[in-house]
Amino acid sequence: VCYDNNGEIQGELAESWTVSNDGLTYTFTLRDGVKFSDGTPLTAKAVKTSMEAAIKNLGVYKGSYGKLSSIIASMEASDDKTFVMKLTQPYYGALNDLTMCNPLGIVSSSAFDGNPYENCLKQTLGTGLYMYAGDSDGTTYTFVRNPYYWGEAPALDNFKVTVIEDNDAKVLALRSGEIDAIIGASRMSYDAYGELSQDSAFGTAVNDTGSLTRYLGFNLSKAPFDDLNVRQAVAYALDRDTLCSTVFQGIEQPAKTLFAATKPYCDVQQITYDFNLDKANALMDEAGWVDTDGDGVREKGGQELELTLSYTQSIGSLDDAVLAIASQLSKIGFKITPYGTDMMTWFGAIQTDDYEITLYQTYGGAYDPTTVVTNMNPETSTDPIAVQVSSALDGGSAMLTELDSTSDTKKVQEIYTQLLGTIADQSLMVPISYTREFAAWNSEMISGYDFYPDSMYVVVADIHVK
């Protein structure tokens, strides 16, 4: 299944489905006439084989990319067109998790003949519009039309994907004509996008829908962020409007809540923190942090308020964003040293509690809010930042366990209301901005691009070629 443009679940490979009254059994009727790119038919048995392999491959991360993968009791192919999935417990996000290509994409059973890893390096083996031609030199990959695609044929016969690691080099490649499009906010800086949008040789577009939320995460077990006054002071000290209009070129939008109200179950009343340095400084005074020597840095118990702000450098413009955040927090007496690393180094430090404050983000797409909230439960979490929320909740892990064990939407909404209210009241995660995907292209070759409802994915068929 997938999301449509109105945010509703619709069938994709499933023509229809039913859910049992107890929320434990999902019965899917598959679409007629669908074949994989190797020519084999889509059957319920193939779906079962693919799902089983995906869940096995998740290993210790089962449940971290959608709760569903950890609560499937059994899967059955009743006949070629009927796939039955039974759960160990009801789960309100089951269909949501099935919209995710990662990790539950469906591939042909031939992928599992021999070595699945090697097989999938050489072939796409899916049911989509295009398939990999198998010609990669390690940098460029060619994709061609899937002759067995069940829907309307795409406009292009083929396209190439070129791997360019450096974001500045991507833009140079676009300007030189080596490539024709860059799609995705992580693939170029906001400054570069701004420059391209002013150049008539290139077309540009920004998605109207936000994808994920940037926020400041704290180590709640250590001073100074074990103090509510300090966390709230940080929330008041952030000038989100200026940050978004300058560093993020007006593309990202100021975020006052952890999830946008348009996300499922997230349109609830929450306390928000407008930019107010007077309130922020008063809260720091109340917390006992004062600047006794007039150097602009507060102290408490002989300890200066000097901290490291960690972040990953893999995403465009984050260096500038961290510098701006450090500058804003200096106005309430913080001395912040930015520390940017690669993703694995950053994650290792967070996992071992070796951090004070970090710039982090929700997961985006269909992972928000369900998977983020699931990872707030210490019984299942692989997210060291999110999991801290449970200790601030009344009934913490029990409440989150109940949430992930029900299909009662009224109960789900009650828990979300309490959960999001607590996060905001306690300033456990301080939201900064809602990201939005953008794209730039050679205007001689391309006339436009339609963003997919789930911003995690780039749909090449939605690139309009002249």
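Look up: the structure comes first, before these words.
Residues numbered from 1 in each chain as written. Predicted model: local features only at pLDDT ≥ 70, side-chain atom pairs only at ≥ 80, totals over all residues. Heavy atoms only, no water.

Student: Would you explain the sheet that holds strand β5 (residues 72-79) in this entry?
Tutor: The strands that make up a sheet pair up through hydrogen bonds in the backbone, lying either parallel or antiparallel. On the basis of which strands lie adjacent, the open sheet formed by four strands has the order β3-β4-β6-β5 and antiparallel pairing. Because the sheet does not close on itself, it has two edges, and the strands there are β3 (14-19) and β5. Direction aside, neighbouring strands of the sheet carry axes that sit 20° apart on average. Sheet analysis places β3 next to strand β4 (residues 25-30), joined by five bridges and oriented antiparallel. Across the sheet, residue Trp-17 finds its bridge partner in β4, namely Phe-28. Packed onto the sheet, helix α1 (residues 44-58) meets β4, β5 and β6 (82-87) and runs at close to 160° relative to β5. (Pairing = 2+ DSSP bridges. Helix = DSSP H or I, 4+ residues; strand = E, 2+ residues; numbered from the N terminus. Axes fitted to C-alpha atoms, helices over the stretch in contact; angles between N-to-C directions. Contact = heavy atoms within 4.5 Å.)

Student: So what exactly am I meant to see when it comes to a negative patch on the surface here?
Tutor: Judged by side-chain charge, Asp-191, Glu-195, Asp-319 and Asp-320 come together as a negatively charged surface patch. Put simply, the parts of the chain that give the negative patch at least two residues each are α6 (190-197) and α10 (318-330). (Patch = residues over 30% accessible without salt bridge, like charges linked within 9 Å, V, L, I, M, F, W, Y side chains within 5 Å. Areas by Shrake-Rupley, 256 points an atom, 1.4 Å probe, with all protein chains shown as cover. Salt bridge = Lys/Arg side-chain N within 4 Å of Asp/Glu carboxyl O. Lys, Arg positive; Asp, Glu negative; His and termini not counted. Charge placed at Lys NZ, Arg CZ, Asp CG, Glu CD.)

Student: Got a minute to help me understand a nonpolar patch on the surface in this structure?
Tutor: On the surface, a nonpolar cluster with roughly 330 Å² of combined accessible area is contributed by Val-60, Tyr-61 and Tyr-65. Tracing the backbone shows Tyr-61 in the loop between α1 and β5. Overall, Tyr-61 belongs to the partly exposed group, its relative accessible area being 42%. (Buried < 20%, exposed > 50% of the residue type's maximum accessible area, 1.4 Å probe, protein only.)

Student: Would you mind going over helix α9 (residues 277-286) with me for this structure?
Tutor: Within the sequence span of α9, burial applies to Ala-280, Leu-283 and Met-284. Looking down the long axis of α9, one finds its buried residues gathered within 100° of arc, a one-sided arrangement. Exposed side chains of α9 directed beyond 90 degrees from the buried face belong to Asp-278 and Glu-286. Tucked into the core, α9 has its buried residues touching α7 (228-237). (Arc of directions from axis to C-beta.)

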